[in-house]
Amino acid sequence: MRKSEMKDRSRLIAAAMQKIPCDLTVENVKLVNVFTGEIYPASVDVLDGYVVRVREAGQTTAQPSRRVYDGEGRYLIPGFIDTHMHCESTMMIPENMSRAIVPWGTTTVCTDPHEIGNVMGLSGVRFMLENGRKSALRHYVLAPSCVPAVPALEGAGASFTHTEVAELLDSEDVVGVAEIMDYVGVYNDDRRMHEIIDEGVKRDVLLQGHSPMASGKELAAYLVGGPCTDHESGSAEEVREKLRNGMHINLRASSIADALKHELEGCMDHRFHDNVSVCTDDVHAKDLLEKGHINSVVRKMIQLGVEPVDAIKMATLNAAREYNFKDLGAIAPGYIADMQLVDALDGNRPDAVFIRGELVARRGEYLGHDDPAPAPEMPNTVNMPQITCPEDFLLRAPEGCGDRVKVLVMIRTPESIIKTGEWVELPVMDGCVSLEGHDDLHFVCIANRYGAGDKSIAVLRCFGLREGAMATTISHDSHNFTVVYRDIESAYACAEEMKRVGGGMCAAKGGKVISTLALPVAGLMSYHPCEEVSREIEQTQSVMASLCDNSFSILALVVFALPVLPGYILTDRGMVDGLSQKFVDIFQN
């Protein structure tokens, strides 16, 4: 449940009636009114963290405030709200992520900690809740609905049923059921998903959706099943159909996927945009440091032709209304004084940011008075007893297949995270599949890292790896060990390095590790601040790119094992057809 904000209405009434002074007046601003779309000169009076009055030009007060902040003619807009994000994807623990994004104008985030939930269960989610309270950022959490995403198809470090979801929903600052990714399970009325959704329905909280390419009767069934939002649309047609069916769309631009142009084409010719808001989903520390957070999505929207005030409304008032936050998302009497002063309505970094009427950032510097206690040390979560030597990364061919075998090859396309497949005949040497003569092919392995001993190997095309190997324990959403490799010695070196440092990312060449990004918090996050994590990401990405023939993003590794995506997926238990959610054989007789 949402933590109740302490509000003395009698004091606020007295301040609005000018009987007692306010704490703060932000004066000399051009107020952006997200209710009417107007922009006009104003001053804003704040008491106890709430706006009590917006005074238009010429209106005075009989009780001057204790403090006055001169806006110097800048625009005053509400603080941005991220409707869907994974803190773990920033590669920072919540307190450090918060200090990085507040200076960009984000004042509230609604996070889905299913990444750490898959690794560490309820204890991991509780860590995110507690650590998120250490900074000025308003940090809400949603109860992970799919831990793991599809239990029959993958192994994880934990498993949530409706019991765990109910326990989290009754916790302070948990505001909904997080992205309900098993959309096939929902529209097939799977018992597990039905029971989890029931817990959200009982409490009348947001049921956050995730339904890539859902259409027609399947989309209708998904909506009837409960989820009401989506951030996974990849085309204008998909956005248009979902909006027409009453779904709330979260426009997304992340470090992994950015179909914002197509999403906007599907909604901006509509008369109403009340069911459109903004999210970042997955953005790593380097992108946060250099480009920003929600402001970056707003900036892209404006560059793509969206009216600035419309873009701001989607990132503020629409986002608050999606969650039924009645006191967030606007600058008006009774609303929490989360505000930012900007030089222009262009999505660039604000000059000043206020949360509950307190100045928390100025000119890019975080000013919050945070709890200085260090975060607790986390256990090493990388446990792979099934990997003991380089030969564990050989792809064994079926017995009796001779010197050739047909293999179902996964195909990665640069413009999509969805992988197709085709049958390719490959040589067999000493009982194992060989890639000799196929420079465009690589091996990929997903290994359970929670002690279960499961491991799968497949062949991949169009990744661009020229030599060596690159590996990660960030592997949505079960976060098993993933390695793409040209030689087994380098793959083994990566596995041993991830065991040693407790997870993260690394690259190897000639059987030796040449770069490591250590993420010891659940194999997903660093204890370091944004600037340091950004440098580490840049260094590791540079080394990984040097092993490739084409352009490379460090997060290209992280979406091989998510079985709720359409297309072909490799989990620790085998290859999966994401649409049918059934295992497929990678060899053809």
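Each value, and the rule that gives it
- Residue numbers run consecutively from 1 along every chain, following the written order of its sequence.
- Reporting in this predicted model follows two pLDDT cut-offs: at least 70 for local features of residues, and 80 or more for side-chain atom pairs to be given and counted; totals over whole chains, interfaces and linings ignore these cut-offs and use all residues.
- Side-chain measures were taken over the full set of non-hydrogen atoms in the model, leaving aside hydrogen atoms and water.
- Paired strands are those between which DSSP finds at least two bridges.
- For the purposes of this entry, the term helix denotes a DSSP run of H or I that reaches at least four residues, the term strand denotes a run of E that reaches at least two, and both are numbered from the N terminus.
- Axes here mean lines fitted to C-alpha atoms, for a helix over just the part in contact, with angles spanning 0 to 180 degrees between N-to-C directions.
- Residue contacts are defined here by distance: any two heavy atoms, one from each residue, within 4.5 Å place the two residues in contact.
- Here, nonpolar core refers to any group of buried Ala, Val, Leu, Ile, Met, Phe, Trp, Tyr and Cys residues whose side-chain atoms link them within 4.5 Å.
- The rule is simple: take the accessible area with a 1.4 Å probe, protein chains only, and divide by the maximum for that residue type; under 20% is buried, over 50% is exposed, in between is partly exposed.
- Any angle between 65 and 115 degrees counts as roughly perpendicular, while under 35 counts as roughly parallel, over 145 as roughly antiparallel, and the rest as oblique.
- Left-handed is the label given to a crossing in which the near helix is rotated counterclockwise from the far helix by less than a right angle, and right-handed is the label when the rotation is clockwise.
- Charged residues are taken to be Asp, Glu, Lys and Arg, nonpolar residues to be Ala, Val, Leu, Ile, Met, Phe, Trp, Tyr, Cys and Pro, and polar residues to be all remaining types, Gly included.
- One speaks of a salt bridge when a side-chain nitrogen belonging to Lys or Arg is within 4 Å of a carboxyl oxygen belonging to Asp or Glu.

S.K.: Give a description of the sheet that holds strand S9 (residues 174-180) that names residues and reports values.
M.R.: What the five strands build is an open sheet, ordered S6-S7-S8-S9-S10; its pairing is parallel. Looking at the sheet topology across the chains shown, the edges are occupied by strand S6 (80-85) and strand S10 (206-209). Across the sheet, the axes of successive neighbouring strands diverge by a mean angle of 30°, strand direction being ignored. Against the sheet, helix H2 (residues 94-101) contacts S6, strand S7 (106-111) and strand S8 (138-143), and its axis sits at roughly 140° relative to S7. The strands touched by helix H12 (residues 294-303) within the sheet are S6 and S7, with S6 carrying the most contacts at an inclination of about 100°.

S.K.: Give me the lowdown on the pairing of strand S26 (residues 512-518), citing residues and values where you can.
M.R.: Bridging between strand S25 (residues 504-509) and S26 involves six bridges; their strand directions are antiparallel. Residue pairing across strands places Ala508 opposite Val513, the latter belonging to S26. In this structure, the hairpin formed by S25 and S26 is closed by a connection of two residues, where Gly510 is found at a positive phi of approximately 60°.

S.K.: Hey, could you go over the nonpolar core for me, with residue numbers and the actual values?
M.R.: Counting 100 residues, the largest nonpolar core has Phe393, Phe463, Phe481, Val483 and Tyr485 as its most contacted members. In terms of residue count, helix H15 (residues 488-501) provides more of this core than any other element does, seven residues in total. Among the nonpolar cores identified, the runner-up in size contains 35 residues, and Cys146, Ile196, Ile197 and Ile569 belong to it.

S.K.: Describe the sheet that holds strand S12 (residues 248-252), with residues and values.
M.R.: Taken together, the three strands give an open sheet; going across it, the order is S11-S12-S13, and neighbouring strands pair in parallel fashion. Whereas interior strands pair on both sides, the edge strands pair on one side only; in this sheet they are strand S11 (229-230) and strand S13 (276-279). One ladder, built from four bridges, connects S12 with S13; its direction is parallel. The partner of Leu251 across the bridge, within S13, is Val278. Against the sheet, H12 makes contact with S12 and S13, and its axis sits at roughly 125° relative to S13, the strand it touches most.

S.K.: An account of the pairing of strand S16 (residues 358-362) is requested, with residue identities and associated values reported.
M.R.: Of the strand pairs in this sheet, strand S15 (residues 352-355) and S16 are connected by four bridges, and their pairing is antiparallel. Residue pairing in the sheet places Ile355 in a bridge with Glu358 of S16. Pairing between S16 and strand S17 (residues 365-366): two bridges, direction antiparallel. Bridge pairing in S17 places Arg362 opposite Glu365. Count of turn residues in the S16/S17 antiparallel hairpin: two residues, of which Arg363 carries a positive phi of about 50°.

S.K.: Can you tell me about the packing of helix H4 (residues 122-132) against helix H5 (residues 162-169), naming the residues and giving the values?
M.R.: Running from amino to carboxyl end, H4 crosses H5 at an angle of 20°, the nearest separation of the two axes being 12 Å. Between H4 and H5, the crossing angle belongs to the class labelled roughly parallel. For the pair H4 and H5, the crossing hand works out as right-handed. For the pair H4 and H5, contact is made by Leu122, Val125 and Arg126 and by Glu164, Glu167 and Leu168, respectively. Considered class by class, the residues forming the contact of H4 with H5 number three nonpolar, no polar and three charged.

S.K.: Break down unusual backbone geometry for me, with residues and values.
M.R.: Here the residue pair Val147 and Pro148 is connected by a cis peptide bond, since its omega of -10° sits within 30 degrees of zero. Structurally, Pro148 is set in the loop between S8 and H5. Between His476 and Asp477 the backbone carries a cis peptide bond, its omega angle lying at -5°. Among the structural elements, Asp477 can be located in the loop between strand S23 (469-472) and strand S24 (481-485). Of note, the phi angle at Cys462 is positive, near 75°, even though the residue is not glycine. Among the structural elements, Cys462 can be located in the loop between strand S22 (455-461) and S23. Although it is not a glycine, Gln581 sits at a positive phi angle of roughly 55°. Overall, Gln581 belongs to the buried group, its relative accessible area being 15%.

S.K.: Could you give an account of the pattern of salt bridges, with specific residues and numbers?
M.R.: Counted under the stated rule, the structure contains 39 salt bridges. Note that Arg500 and Glu497 form a salt bridge whose closest N and O atoms lie 2.9 Å from each other. Of this pair, Arg500 and Glu497 both sit in helix H15, three residues apart, which is roughly one turn of that helix. Judged by relative accessible area, which is 11%, Glu497 ranks as buried. Members of the salt-bridge network, linked through shared partners, are Glu72, Arg74, Asp343, Asp351, Arg362 and Arg363.

Interpretation note: all reported values are geometric properties and have no functional meaning in isolation.
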